[in-house]
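Each chain, written out:
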Amino acid sequence: MKLTITLMVSNSIDTIEKCMESLKPILEQVESELIVVDTGGTDGSIDIARKYATEVVPFKWCNDFAAARNAGVFKASGEWLMYLDDDEWFEDVTEIIEFFQTGEYKNYEVASYIVRNYSDFEGKKWVESRRNGLVHFSPKVFFYRPIHEVLHHTSEPEKIMKCYVHHYGYVYKTREEELKHSERNLSIIKEEIKKFPNDHHYIMQIAQEYRALDDFETMKNYCINGVKRLPVETDYQKRIVGWLAANVIHAEISMKDYSSAYAHAKKYVEFDWLNPLARAMIAYKGLLLAKERAETANMLELFAIMHQSLMYYKEHPEAFYADDVLGLGEVNKPDILLGGYFFVIPILISEKRYKEAEKYVDYMIQFIEDYLAEKRKDGMSETEISSFIQKTPEINFGVKLRDVFRNEMSEIDRARELKELAILVPDMAEYCKYLIQGAPKEEINPEFYELAKQVKTMIYQFIEKGDTGSAIQTLNQLEKLVPNDPELEEIRKLLDR
């Protein structure tokens, strides 16, 4: 037997048949079995599952998800084990079938697929995460932790699969249903924290549950204490403590304690163990707060940190996909890295720092192009890419702006496109206006420009005397005050010669 598929079944009458039907091609084309664990549901889900299952294992519920999972694992006879939930279903299992039919599975110990965790019943909003849901089976493979259970297995070598499951387990029909779910989880987590008070996993999970309950004060206390006392020695520990740091700020923003949130953002962004993605996420939260406080200098300082992260990933694209922050799926990564540009570019335009603005626009567009190229390489269809672009205003803006720059069109058509872009992302309206009209002429303050002419004369005098250093220093300062001045560009060329 090549494969055992196992899952728990409770009350998922809306999704159980989709789940079973998505597994059917695997059961038909791969030597495999389906072990279903009956956890005592009452809505008829188990009756549907029986039609597909090789075996149904009864399990008396005891508030231990790992124990329920293991009840199915202990019955497994396949060389490999695959697990999922009864509220999940695969979009396409061709890749999994080929993995076993071609014998490729013999070269790996684990294979991962993507989970799309939806936040709405319409399927328009989701966060993607990767799950090591297929493992080479051995007596060392088992689940542990009674809540948000973890599969213990050998992690390398790993086959990265492009297939994905739809998961609606975090979408609730009513607020009461959501609260009941969180309260059930809390009762289990609290018991575990009594036994393991410094466990990263449980501290993070209890903070998540209080976040779901909108109890931000308690959530904040767990997060702050976790940041203070939990070690950051392994990548796993760093990911969790990074998540806790970011959620201290989230809790304080939710409680409208903006001063404390801003102070924590400025403090936490300096942690030297943060990966660039976590650093960018915390800097982004601080940037949002600085924007609310109209603190332009701090916005630019925090943005510089975010820009460093983007530049790092430009040089190390493989790290962009490997780095993670718990609670931040891959679909959100470009939002975090790009978001700051849409706040800072308008500032630069308002300060007439046009060259800097243009430079950052170029970085932004190049990042978007590289990101979409990687998604195509990963097998995302053009239809999916189009949908992804449409649902992400920042990426949509960047793609459309790139097209405006690259496509030949009349001035009228170009202006029309730019006006539409200004509506798409209102924060960029001034930048779009700048592109339509060009840099403003010398009409604001005649005395200022008269003074600029005197400084230009001074620069020419430095050049005549051979004092190139003073000429360059003065020119650098003047370019900040009078950007896009053609005469300054000519002076720069003169100095270069």
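Residues numbered from 1 in each chain as written. Predicted model: local features only at pLDDT ≥ 70, side-chain atom pairs only at ≥ 80, totals over all residues. Heavy atoms only, no water.

Our focus in this paragraph is the overall build of the chain. Assigned secondary structure in the chain consists of 22 helices and ten strands. Evaluated residue by residue, the chain yields a buried proportion of 49% over its 497 residues. The contacts in the chain between residues at least 6 apart in sequence include a share of 68% that link residues at least 24 apart. For the chain, the exposed surface amounts to about 24700 Å²; the carbon and sulfur share of it is 49%. Distance between charge centroids for the chain: 2 Å, based on 63 positive and 85 negative side chains. (Helix = DSSP H or I, 4+ residues; strand = E, 2+ residues; numbered from the N terminus. Buried < 20%, exposed > 50% of the residue type's maximum accessible area, 1.4 Å probe, protein only. Contact = heavy atoms within 4.5 Å. Areas by Shrake-Rupley, 256 points an atom, 1.4 Å probe, with all protein chains shown as cover. Lys, Arg positive; Asp, Glu negative; His and termini not counted. Charge placed at Lys NZ, Arg CZ, Asp CG, Glu CD.)

Under the counting rule described, the total for this entry stands at 25 aromatic pairs. For the pair Tyr-354 and Tyr-434, a centre-to-centre distance of 4.7 Å together with 5° between the ring planes defines the contact as stacked. Remark: Tyr-434 occurs in helix α19 (residues 429–437) and Tyr-354 occurs in helix α15 (residues 354–377); sequence separation between them is 80 residues. Accessibility expressed as a relative area gives 5% for Tyr-354, which makes it buried. Residue class for Tyr-434 comes out buried when judged on its relative accessible area of 13%. Every member of this aromatic cluster is reached through a ring pair, and the members are Trp-80, Phe-99, Phe-100, Tyr-105 and Tyr-108. Across from the ring centre of Tyr-164, 4.1 Å away, lies the NZ or CZ of Arg-116, which sits over that ring. Positioned over the ring face of Tyr-360 is Lys-359, at 5.0 Å from the centre of the ring. (Phe/Tyr/Trp six-rings, centres within 6.5 Å; stacked < 30°, edge-to-face > 60°. Lys NZ or Arg CZ within 6 Å of the ring centre and 35° of its normal.)

Compared with the 24 Å implied by 1.5 Å per residue over 17 residues, the 24 Å span of helix α10 (residues 276–292) between its first and last C-alpha is a close match. The buried count for α10 comes to 14 of 17 residues, which makes it a mostly enclosed element. The backbone nitrogen of Leu-277 has a side-chain oxygen 3.0 Å away, supplied by the residue at the start of α10, namely Asn-275. Backbone geometry just downstream of α10 places Ala-294 in the positive-phi region, at approximately 55°. (Expected span 1.5 Å × (residues − 1). Polar contact = N/O pair within 3.5 Å; in protein donor to acceptor, adjacent residues only side chain to side chain.)

Turning to the packing of helix α14 (residues 341–350) against α15, a few remarks are in order. Remark: α14 packs on α15, axes separated minimally by 8 Å, with the N-to-C direction vectors making an angle of 160°. Of the possible angle classes, the one that applies to α14 and α15 is roughly antiparallel. Note on packing geometry: the crossing formed by α14 with α15 is left-handed. Every residue of α15 that contacts α14 at Tyr-341, Phe-342, Ile-345, Leu-348 and Ile-349 is listed here: Tyr-354, Glu-356, Ala-357, Tyr-360, Val-361, Tyr-363 and Met-364. Split into classes, the residues belonging to the contact of α14 with α15 amount to eleven nonpolar, no polar and one charged. (Axes fitted to C-alpha atoms, helices over the stretch in contact; angles between N-to-C directions. Parallel < 35°, antiparallel > 145°, perpendicular 65-115°, else oblique. Left-handed = near helix turned anticlockwise from the far one by under 90°. Nonpolar A, V, L, I, M, F, W, Y, C, P; charged D, E, K, R; others polar.)

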